[in-house]
Amino acid sequence: KAGVTQTPRYLIKTRGQQVTLSCSPISGHRSVSWYQQTPGQGLQFLFEYFSETQRNKGNFPGRFSGRQFSNSRSEMNVSTLELGDSALYLCASSFTPGTGGPDTQYFGPGTRLTVL
Amino acid sequence: GQNIDQPTEMTATEGAIVQINCTYQTSGFNGLFWYQQHAGEAPTFLSYNVLDGLEEKGRFSSFLSRSKGYSYLLLKELQMKDSASYLCAFGRGSGNTGKLIFGQGTTLQVKP
């Protein structure tokens, strides 16, 4: 089975611009979660999508948004970029079989965003 | 609130055993995960504990005590390739949700 894929792998933007990142989950996985990783803050949860609906949201400003398509692929968008948005953005997919408890998340390689 | 702590750095010798501790505070605890992350790469899943006790997977074992809010990852027969960051994370909330709260990670350096 192919793993989680993310595009693009690297991105350079300037302050004020917006960016869209894409994530394709493992085939059969229905949940996609997004995380931001920085040296200072570590891995922080952004949001989770399941069946095209946002199921969980982290403590990030409204400039960060996302969506999920019917084929479970997901995109996240960051508008009005700030220097502090420079980070590795990771998405993770899980099967979510419907039983209790969190399901194991499998991470993609990430998109390295640099804001100048 | 919710909090998760682990040591920032550890050093160990090739062939030895190392234990990486993780303590957490949360309501709505829903399982404890360990991930390994090599520099410049994505985190890869190592283990998952939802009940108290020890889970063994080859050279890696993970332990959980829910009453103490404590977990550890035990790495045996250390190899140079085990040099990486080790992240503990707990699942948050009821039901199966894709929200994990991560610690800052423990950078393990294995020396010859």
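Everything numeric in this text was worked out from a predicted model, so none of it was measured. (Residues numbered from 1 in each chain as written. Chains lettered and ligands numbered in written order. Predicted model: local features only at pLDDT ≥ 70, side-chain atom pairs only at ≥ 80, totals over all residues. Heavy atoms only, no water.)

Any chance you could break down the pattern of salt bridges for me, citing the residues and the numbers?
Residues and elements named next belong to chain A. With the rule as written, the count across this model stands at eight salt bridges over all chains. With its nearest N and O atoms 2.8 Å apart, the salt bridge here joins Asp85 to Arg63. Here Arg63 lies in the loop between strand 6 (53–57) and strand 7 (64–68) and Asp85 lies in the loop between strand 8 (74–78) and strand 9 (87–94), a separation of 22 residues in the sequence. The residues Asp85 and Arg63 share a single accessibility class, namely buried. Residues joined by salt bridges that share partners form a network here, namely Arg63, Glu82 and Asp85. (Salt bridge = Lys/Arg side-chain N within 4 Å of Asp/Glu carboxyl O. Helix = DSSP H or I, 4+ residues; strand = E, 2+ residues; numbered from the N terminus. Buried < 20%, exposed > 50% of the residue type's maximum accessible area, 1.4 Å probe, protein only.)

Give a description of the sheet that holds strand 8 (residues 70–75) of chain B that names residues and reports values.
Residue and element names in this part refer to chain B. Judged by pairing direction, the sheet is antiparallel, and its five strands sit side by side in the order 1-3-8-7-6 without closing on themselves. Where the open sheet ends on each side, the last strands, each with one partner, are strand 1 (3–5) and strand 6 (53–57). Strand-to-strand twist in this sheet, taken as the mean axis angle between neighbours without regard to direction, amounts to 15°. In this structure, strand 6 lies alongside strand 7 (residues 60–65), joined through five bridges in antiparallel fashion. The residue of strand 7 that forms the bridge with Leu54 is Phe63. (Pairing = 2+ DSSP bridges. Axes fitted to C-alpha atoms, helices over the stretch in contact; angles between N-to-C directions.)

I'd like a rundown of the sheet that holds strand 8 of chain A, residues and numbers included.
Residue and element names in this part refer to chain A. Across the sheet, four strands lie side by side as 1-3-8-7; this open sheet has antiparallel pairing. With one partner strand each, in any of the chains shown, strand 1 (5–7) and strand 7 form the two edges of the open sheet. Shown here is a sheet whose adjacent strand axes are inclined to one another by a mean of 20°, direction ignored. Relative to strand 8, strand 7 runs antiparallel, the two being bridged by five bridges. Paired with Phe64 across the bridge in strand 8 is Val78.

Describe the pairing of strand 6 of chain A, and please don't skip the residues or the numbers.
Residues and elements named next belong to chain A. Bridge count between strand 5 (residues 42–50) and strand 6: four bridges; the pairing is antiparallel. Within strand 6, the residue paired with Glu48 across the bridge is Asn56. Once strand 5 ends, the chain turns through two residues before running back antiparallel as strand 6, passing Ser51 with a positive phi of about 50°.

Describe the state of the cysteines, with residues and values.
Residue and element names in this part refer to chain A. Scanning the entire structure with this criterion turns up two disulfides over all chains. Between Cys23 and Cys91 runs a disulfide, and the two sulfur atoms are separated by 1.8 Å. Measuring the twist about the S-S bond at about 65°, one finds the Cys23-Cys91 disulfide to be right-handed. In this pair, Cys23 is assigned in strand 3 (residues 19–24) and Cys91 in strand 9, connecting sequence segments 68 residues apart. Here the two residues Cys23 and Cys91 agree in accessibility, since each one is buried. (Disulfide = S-S within 2.5 Å.)

Function cannot be inferred from these measures alone, as they are strictly geometric.
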